[in-house]
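Breakdown of the fold
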Amino acid sequence: AHPFFLPFRIITHHVIIPYLLSPMVAQFPSSVAVLVVAFLAQHGATAFNVVNNPPQVTTKLDAVSRREAFVASVASASAAIIAGVPDYALAAAQGTNTPPAAKPDYKTAAKFYFNGVFRDKKHPNGYRIVAGSPNKAGSITLQDTPGGKVYELPMKAKRNDESGQVTVDMDLSEYKPDNPQYASIIATVTEDGCILFPDGNLWKKDKGVAGLYIDGFAPYPKYRRIVIPGQGSDVGKVGVTMVSGKQVFDVPGIDLGKKGIQVDFPGNKQCLGKFNGKAGTITWLDGNVWTKV
């Protein structure tokens, strides 16, 4: 059987929103039906109009942000259904329904300056990712070598109210199970955001496009975008992890140097972001701006 596409648009009192249903969506007709009903109930839609030529959609970054905003605004039952629908089937058209352009969020970046993608001189081909809020449970993701085991470890950052000094208490017992002292390693965050360990080892933030980013259309750190550096023979290639609450997915990308970064999102959508190393931002064609922490 040949793949097919069924274009249609939802008419509300304020905006016409086109959708494109793929064969993947066709596999979940009841889910899509409930999704549509939920959307119509929220926006007061009056009818469906079938269209012959589906309009162009915005970039995947916009689609992801819209999906997240939509999931947050409808009932939990509808949100569970949406989670099973391909993201590109939920992409909205350009025009009045496009969110306003975002601006770099340096205020949030300063608050979470101890977060980021780090390089460890003891493991130069690996990476360390630190993510979390001050005085709350967070996580450390680390890999020592390309293709090696990826560890997800707990940590808690604490900020001294008087001095403002931030320390990170890491439970590395899974990473170093033979040494009991690794159950609680307390590292100090330097003024420039590096992480200094008691043995003198220093984790430094990656200076390139790799990093932990604030999405201009979603609140950090519940929603965060991680560009993981290429490793070994994959130099030039990067991985992009999209964390949206409990929803996480990974997509491949290419570090284009001064030209920016290309990310291959689901639905055959290649998005080109302009990387500004000095500003610490990636700017996308839909107006979204990722700010590096």
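Predicted model only: the values in this text are computed from it and were never measured. (Residues numbered from 1 in each chain as written. Predicted model: local features only at pLDDT ≥ 70, side-chain atom pairs only at ≥ 80, totals over all residues. Heavy atoms only, no water.)

**Regarding the pairing of strand 13 (residues 223–228)**
Most of strand 13 is tucked away: six of the six residues are buried. Alternating positions in strand 13 separate into two faces, Tyr223, Arg225 and Val227 on one and Arg224, Ile226 and Ile228 on the other, with burial throughout. Of the strand pairs in this sheet, strand 12 (residues 211–215) and strand 13 are connected by four bridges, and their pairing is antiparallel. The partner of Gly211 across the bridge, within strand 13, is Val227. (Buried < 20%, exposed > 50% of the residue type's maximum accessible area, 1.4 Å probe, protein only. Helix = DSSP H or I, 4+ residues; strand = E, 2+ residues; numbered from the N terminus. Pairing = 2+ DSSP bridges.)

**Observations concerning a nonpolar patch on the surface**
A cluster of nonpolar side chains, Ile254, Leu256 and Leu272, forms an exposed patch at the surface whose accessible area comes to about 210 Å². Looking at where Leu256 falls in the secondary structure, it is placed in the loop between strand 15 (247–255) and strand 16 (261–265). (Patch = residues over 30% accessible without salt bridge, like charges linked within 9 Å, V, L, I, M, F, W, Y side chains within 5 Å. Areas by Shrake-Rupley, 256 points an atom, 1.4 Å probe, with all protein chains shown as cover. Salt bridge = Lys/Arg side-chain N within 4 Å of Asp/Glu carboxyl O.)

**What about the sheet that holds strand 16?**
The strands making up a sheet associate through backbone hydrogen bonding, with each pair oriented either parallel or antiparallel. In spatial order, the strands read 12-13-14-15-16-17-18-19; together these eight strands close into a barrel with antiparallel pairing. The sheet shows a mean angle of 30 degrees between the axes of neighbouring strands, direction not considered. Two strands pair when backbone bridges link them, and strand 18 (residues 281–283) and strand 19 (residues 289–292) are joined in this way by three bridges, in the antiparallel orientation. Within strand 19, the position partnered with Ile282 by the bridge is Trp290. (Axes fitted to C-alpha atoms, helices over the stretch in contact; angles between N-to-C directions.)

**Brief notes about unusual backbone geometry**
With omega at 5 degrees, the peptide bond leading from Tyr220 into Pro221 counts as cis. As for its placement among the helices and strands, Pro221 is situated in the loop between strand 12 and strand 13. Although it is not a glycine, Asn135 adopts a positive phi angle of roughly 65 degrees. Note on placement: Asn135 falls in the loop between strand 5 (123–131) and strand 6 (137–143).

**As for the nonpolar core**
Generally speaking, a soluble globular protein has its nonpolar side chains buried in company with each other. Of all hydrophobic cores here, the largest spans 21 residues; its most connected members are Val130, Ile140, Met155, Met170, Ile195, Phe197 and Trp203. When contributions to this core are tallied by element, the ones reaching two or more residues are strand 6, strand 7 (150–159), strand 8 (166–170) and strand 9 (185–189). For this core, the element with the most residues is strand 7, which contributes four residues. Those residues in contact with Phe197 that sit more than four places away from it in its chain are Met170, Ile185, Ala187 and Trp203. Judged by nonpolar contacts, the second largest core, of 16 residues, contains Val227, Val238, Phe275 and Ile282. (Core = buried A, V, L, I, M, F, W, Y, C linked by side-chain atoms within 4.5 Å. Contact = heavy atoms within 4.5 Å.)

**Quick word on the packing of aromatic side chains**
Considering all chains together, one arrives at seven aromatic pairs under this definition. Residues Phe112 and Tyr220 carry aromatic rings whose centres are separated by 5.1 Å and whose planes lie at 75 degrees to one another, so their mutual orientation is edge-to-face. Of this pair, Phe112 sits in the loop between helix 5 (106–111) and strand 4 (116–120) while Tyr220 is found in the loop between strand 12 and strand 13, placing the two residues 108 residues apart along the sequence. Relative accessible area serves as the criterion here: at 4%, Phe112 is assigned to the buried category. Exposure remark for Tyr220: the relative accessible area of 11% places this residue in the buried category. Here the aromatic cluster, defined as three or more aromatic residues joined through ring pairs, consists of Phe118, Phe197 and Trp203. Here Lys176 stacks its cationic end above the ring of Tyr175, 5.1 Å away from the centre of that ring. (Phe/Tyr/Trp six-rings, centres within 6.5 Å; stacked < 30°, edge-to-face > 60°. Lys NZ or Arg CZ within 6 Å of the ring centre and 35° of its normal.)

**Quick look at the confidence of the model for the chain**
Confidence in the prediction for the chain averages 75 pLDDT; 64% of positions are at 70 or higher. For the chain, strand 3 (residues 47–50) is the element with the lowest average pLDDT, namely 36, and strand 10 (residues 195–196) is the one with the highest, namely 98. Across residues 1–96, confidence stays below pLDDT 50; counting only partners more than four residues off in sequence or on other chains, it has 157 contacts. (pLDDT = per-residue confidence, 0-100.)

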